[in-house]
Structures are given as structure tokens and as C-alpha cells.
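Read off the chains here:
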Amino acid sequence: MSEADRVRLRAAALALQDDGVRDKPDAKANVFADLGSPVSPLRPRASVATSSSSSSGSVKSPVPSNAGMAGGRRHSGELVAECNPPRLTGHRRCGSGPLIFSGGSSGGSGGGGGDRGSTASSPMLNALPAGNICPSGRVPAAAAAPPPPRSRPDVLGSGTGHYGHGSIMRGAGMAPARSSIDAPSFLGHSTRSPASSPASGGSLQEVTRLGNEWYKKGKYAEALRHYERAVSLCPESAACRGNRAAALIGLGRLADALRECEEAVRLDPASGRAHSRLAGVCLRLGMIDKAWRNFTQAGHLQQSDPAEWQKLQEVEMHLGRSTDARKIGDWKSALREADAAIAAGADSSQLLLALRSEALLRLHKLEEAESTLASLVKLNGALPSSLTAVKLSGMLAESYVYIVQAQVDMALGRFDTAVAAAEKARDLDPGNAEVGMILNNVRLVAKARAQGNDLFKAAKFSDASIAYGEGLKYDPSNSVLHCNRAACWSKLEKWEKAVDDCNEALRIQPNYTKALLRRAASYAKLERWADCVRDYEVLRKELPSDKEVAEALFHAQIALKATRGEDVSNMKFGGEVEIVTNVEQLRAAIGSPGVSVVYFMSAMNQQCTQITPSVNTLCTECPSVNFLKVNVDSSPLVAKAENVRIVPTFKIYKDGAKVKEMICPTLHVLRYSVRHYSVSSS
């Protein structure tokens, strides 16, 4: 290897020094640490005596130490005594520091080691070559001869400190942007810009610069596309891997980001930034031990963040409390602590989401439990095996997820799916006693339910009720089995028992429509009309287009009114709009018990023409309501008697008294009003 090649590799090693960022903008104290970042302005270097009056000014040699730096951090463009250059023989790497090549052609995005068009020099830097160095051997294009130095003056970056060599940027007033990306600096003096480079558009620095720009704008998919190109150009660069991880985190692809962070740490174990980013991802995924290790390593490298430490401590504390509450069956506390841990930072923790889902199930919040489980199952499919090895009370996390899934499926009546999930849990954790016990229970419940269904189909209702009862011995909170047994009691005309089982099913699953229907029917058989009407009114809201429910509600209302001694002789179950032609007919219609809707219209009015079909549909949907129509053109005396001057006008009467009047209402308002009074007519 020639001496020039050795010097070139030396330059790359010095250029690719890690400077540490996390997957969020850095704190104000350290956001400007990386002089080579295309998103960070410059700050003065406290430990280096400098003197510059123009772009060609002189500079004193820097002291080879990072003493005097805030927090012991290093600036790009400084020679650090403890830095380790890459090996010059054997496998050739692209450099282990997480600094990515960034172009210097626009807005201060050039390297922190000095402006590319500058003629400033120092004794050490003049010995280094210029150009885009990637020791992996994958150089995008052959180097071209540098053009003559640019004549336009350099502009100092924004700031109030005294700037020395390496602090010159093109363009003033550069605002800090996102700093979650790793950006390189070049120590050598390059006199060509990316636009004049033969590799322009495909070089590593240009690809990374474009990725950085997209990242700053929050366009993580576009940023990822460019960062992946950078990785293909320099696959053994920890900086390239770190940038791709940052974009993946922005996209919410934490499992992929975890793999990239681990690769970055493997490539550069001494990078505090890589350890810090990996720890942050582990925290979000609930990998507590691994997060501790990497946060500790980042702290040793002066890259720790007290806020992140605080998050980790809170997550660990709340996770422990949630686990303890689960052991004693305190599901309210288990849910509260799991939510607190998730809010503290472990928002994608497999274990915490499973704990939350199980607690919601035990608290009879089945819909929330199912939605939490759905997000958990989606996450679980992308997680690496290292994460699924986490345990809860001796049970593997992945096995626990399947156990929770089996219990939720059983509660929803998906018994076959529940058995399959429990068997997966057993396959993953065959030696766990709790997994084995739950699998056995799931199988017994599924078997009892299947036997009960077969007996019910054979009209052996008494035997079927016994079979469902056997299943309830193993799962007392199974609302499906309670509802099925209630159906058996109904067939056996044991209405009180049917009501009891429906009550239990609805206690476990309040929105269980089938159980509510069976209870309402049982109330009707028991002539408990007030309870019957109440259930049918709820069902009417849930099933507004169900004619059977509407008719059942109507008859229950009539029965309730009859028990109160009210006149129900003129009440009828509707379905058609009645045409009113005189005042006497109108008075008789609206004076009848129940709800009546009077529609005043004109065939010549365009709005009436548009809303009339909807009125006819509404009449069908609400058969317990009397719909009356008055054509003001052919029956002007009726309109005059009701003081109607604008059409369309709707008047709603309840038991002969007007309760609402609407002039030119929207269809939504009309439908809401009619349904509101129809379900409250009792």
C-alpha cells in the first residue's frame, strides 16, 4: 500500500469520529456538538487558541486533547489523542464512527473541518488529502482533479463566539434542525463541490445530505430511501446504520430499528451515540435489562441523558408494580401501573401491552382488551427472538402474549382460535406450569361448548344446559356460555333462569346484543314490561333498521301503557305515511297515544321533493311512529290552522301534545329527532 493510500485512510479515520445524538433533538447544551452535521451551526472551541481574519487566515495547531470541551465531547475537525484509526491491512472497513458524509454545496451543510472552498490551512491538516474517502473499497467514481479555489469570500456561521479554523461555513444564520442523524466531517481541504464531483448525485455524501434534508422535514420514508442507499455504498459504517435506524424509528418500525442499532454498536462498540440510540429503542420495546446496559455504556462515553435515565427508572418501577398486582389479582392496579409504564416511555413493550390486555379482560372491558391485543399481535410478528426471551413470572413474554390472546378469543366465542393460541404458548414454553394449566382449561371449555351446541341442535335442551354448565366450571366469566345456557332455559320456559344467565353475560360483556335480546324476550314472557321496554329501547338504538325489534318495542309499550290504565285502542303499528286532508282528521291522528310526526309539504317545492323519499324510508324504519303528511297546496286550511307558512315543516306530537317543530331541517336532524322521541315514548 502506498504512502498516499495510508494518509487517505488516516483522513477517513479522523473524519468518522462519533459525536452522539439520540432519536430526538438534542438538548440545547449539546445540539451543536457535531461541526460536520448539516443541521447544526457552529460554536467556538474553548480549548484551541485560534486566529483568523478571512478564509485564508492562519490557525494554531490544536492541542490533541478534548479538555475544555463541554461534557468531554469532541468537535469534528479536531485531532483527538485517543482516537483509533481503522486497520490498514486485512478486512477494510468504512470507518466505525457514526458520522455520515454530508455535502457542502448548500446552506452550511459542508463538513466541519473547514469549508471546501477555503484556502485556510494548518500544519497538520495540509498533510491530508481531499475527496470522498470510503475505505470499504466501494468508491462511487474516480476522483477528479480539483478546480481552482473559489474566489468568493467565506462567511462565518451564526454565533457570538470567536471562530477559529474549522468554523467557517458558507451562508450565515443557519438555524439548528433535527439532530437525530449522524453526519460526518472532512478534515482534508477539498476544493470541489458535490455539483462538480464526478460522483455527484450518487456519492455517499450527496446521498446522505439528501437523506438529512428529508429527515429534517419529517419525511422519514424518503429519508430512509436515501439512508439505505448510503448503507449500500458503505455497509460497514456505523454512522450509516445509525441514520437508517433513526429513519426507521420515525416510521415506527422499531423492530427493524433495533436490528440497525445493534449492528451500529457491533461496528463501533466505542460509540456513545450508538449505545444511546440502542438504549432508547430498547426502552420503548420494554427491554429493561438491555436498556440499562446500553444507557450505562453511553454514560461511560459521556453520551447519557438524565431524562432518558429517569424514563427507564419509571418504566422499571411501574412494570414491577403491574406484575405484582397481577400475581394477587388486583386488576385495577395492574392496569393503572401498566398504563403508567407505557406513558413513561415503553409504548411498544410486548409485555406491558399483554398485561394491559389481560387486565382489561378481567375488568370486563372486552372491546378495549381486543383492540390492545390487536396492536400487540401486529408488533409481536416483527420482534426479534432476543426480545421474546423476556419473562413475566417465569413465563416467556411471547408465550404470555399467546395466553392472553387465547383468553380474549374465548371471551369472544372464538374457541377454536383460542385453543390454537394456547397450544402455541405451550410449544414456546413447554415447561411452564401456568401455560399448561391455561391450555388445559381452554381445551375443556372449548369441548364443553361444542358438546352443548350439538345437544342444542338435537333439541336436547336440558342436556345442553348441563354441557354449558361444565364449561363454566373452568371459565366462570365466559359470557358466551352464559348466553347459550340462557337460550336453553328459554326453550325450557324457565324464564327466570334465562334472565339470570343473561344478566351475568351482560355483566361480563355489557354490549352483548344477543344476551340483551334474550333478556328482553324473557322479560316479555314474565310480563315485566318496564324492564322489557327498557331493553328494547336500547336495542332500538343499536339496531335502528331492525323491524322485529321495532315491533317488539311497540307491543311492549302498548302492554306497559295498558297496565297503567292508559287508552291504547287507537295505537297502531305504522309502516305507511297517512295523508291528511282536513283539520278534524289531523286532530284525531295527533291525539292518539304514542308519537306522531306531521309533515307539511308542497309538490312544487324542490326541497320537499328531495326530502320526501327519506321521510318514507324513515316511516319504515320507525314503525311505532305515526307519520302524517299534509299537502299545503291541496289542503290550505289545515296549514292555516297549524300556522304553517314555510315548507317543509315537521311537527312532532307525543300523546296529543306538540313536543318539537322543525322548519326546513336537515335529514340528519329529522332522523335524530324522530328516533329520539320514538324510543322515549314509554
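Residues numbered from 1 in each chain as written. Predicted model: local features only at pLDDT ≥ 70, side-chain atom pairs only at ≥ 80, totals over all residues. Heavy atoms only, no water.

As annotated in an unreviewed UniProt entry, the protein chain carries the name Thioredoxin domain-containing protein and is attributed to Digitaria exilis.

1. Observations regarding the packing of helix 3 (residues 220-233) against helix 4 (residues 238-250)
Close contact between helix 3 and helix 4 brings their axes to 9 Å; oriented N to C, the two are set at 160°. The pairing of helix 3 with helix 4 is recorded here as roughly antiparallel in orientation. Where helix 3 crosses over helix 4, the handedness of that crossing is left-handed. Side by side, helix 3 and helix 4 meet where Y220, L224, Y227, E228, A230 and V231 of the first sit next to C240, R241, N243, R244, A247, L248 and G250 of the second. (Axes fitted to C-alpha atoms, helices over the stretch in contact; angles between N-to-C directions. Helix = DSSP H or I, 4+ residues; strand = E, 2+ residues; numbered from the N terminus. Parallel < 35°, antiparallel > 145°, perpendicular 65-115°, else oblique. Left-handed = near helix turned anticlockwise from the far one by under 90°. Contact = heavy atoms within 4.5 Å.)

2. What about the pairing of strand 8 (residues 649-654)?
Counting buried positions along strand 8 gives 5 out of 6 residues, so the element sits mostly inside the fold. As defined by bridge partners, strand 6 (residues 595-601) adjoins strand 8 across 6 bridges and the pair is classed as antiparallel. Directly across from S596, in strand 8, lies its bridge partner Y653. Note: strand 8 against strand 9 (residues 657-663), 6 bridges, orientation antiparallel. Residue pairing across strands places T649 opposite I663, the latter belonging to strand 9. Following strand 8, the chain reverses through 2 residues before pairing antiparallel with strand 9; D655 in that reversal takes a positive phi of roughly 55°. (Buried < 20%, exposed > 50% of the residue type's maximum accessible area, 1.4 Å probe, protein only. Pairing = 2+ DSSP bridges.)

3. Let's talk about the nonpolar core
Counting residues in hydrophobic clusters, the biggest one holds 101 residues, and the most contacted among them are L258, L352, Y400, F415, V442, Y512 and Y536. Each of domain 1 (204-304) and domain 2 (333-379 + 392-511) gives at least three residues to this core. Sequence-distant contacts of L352, defined by excluding residues within four places in its chain, comprise L319, A338, A341, I342 and A346. Ranked by size, the runner-up nonpolar core spans 32 residues in total, among them Y599, M601, F627 and Y677. (Core = buried A, V, L, I, M, F, W, Y, C linked by side-chain atoms within 4.5 Å. Domains from an automatic or database assignment.)

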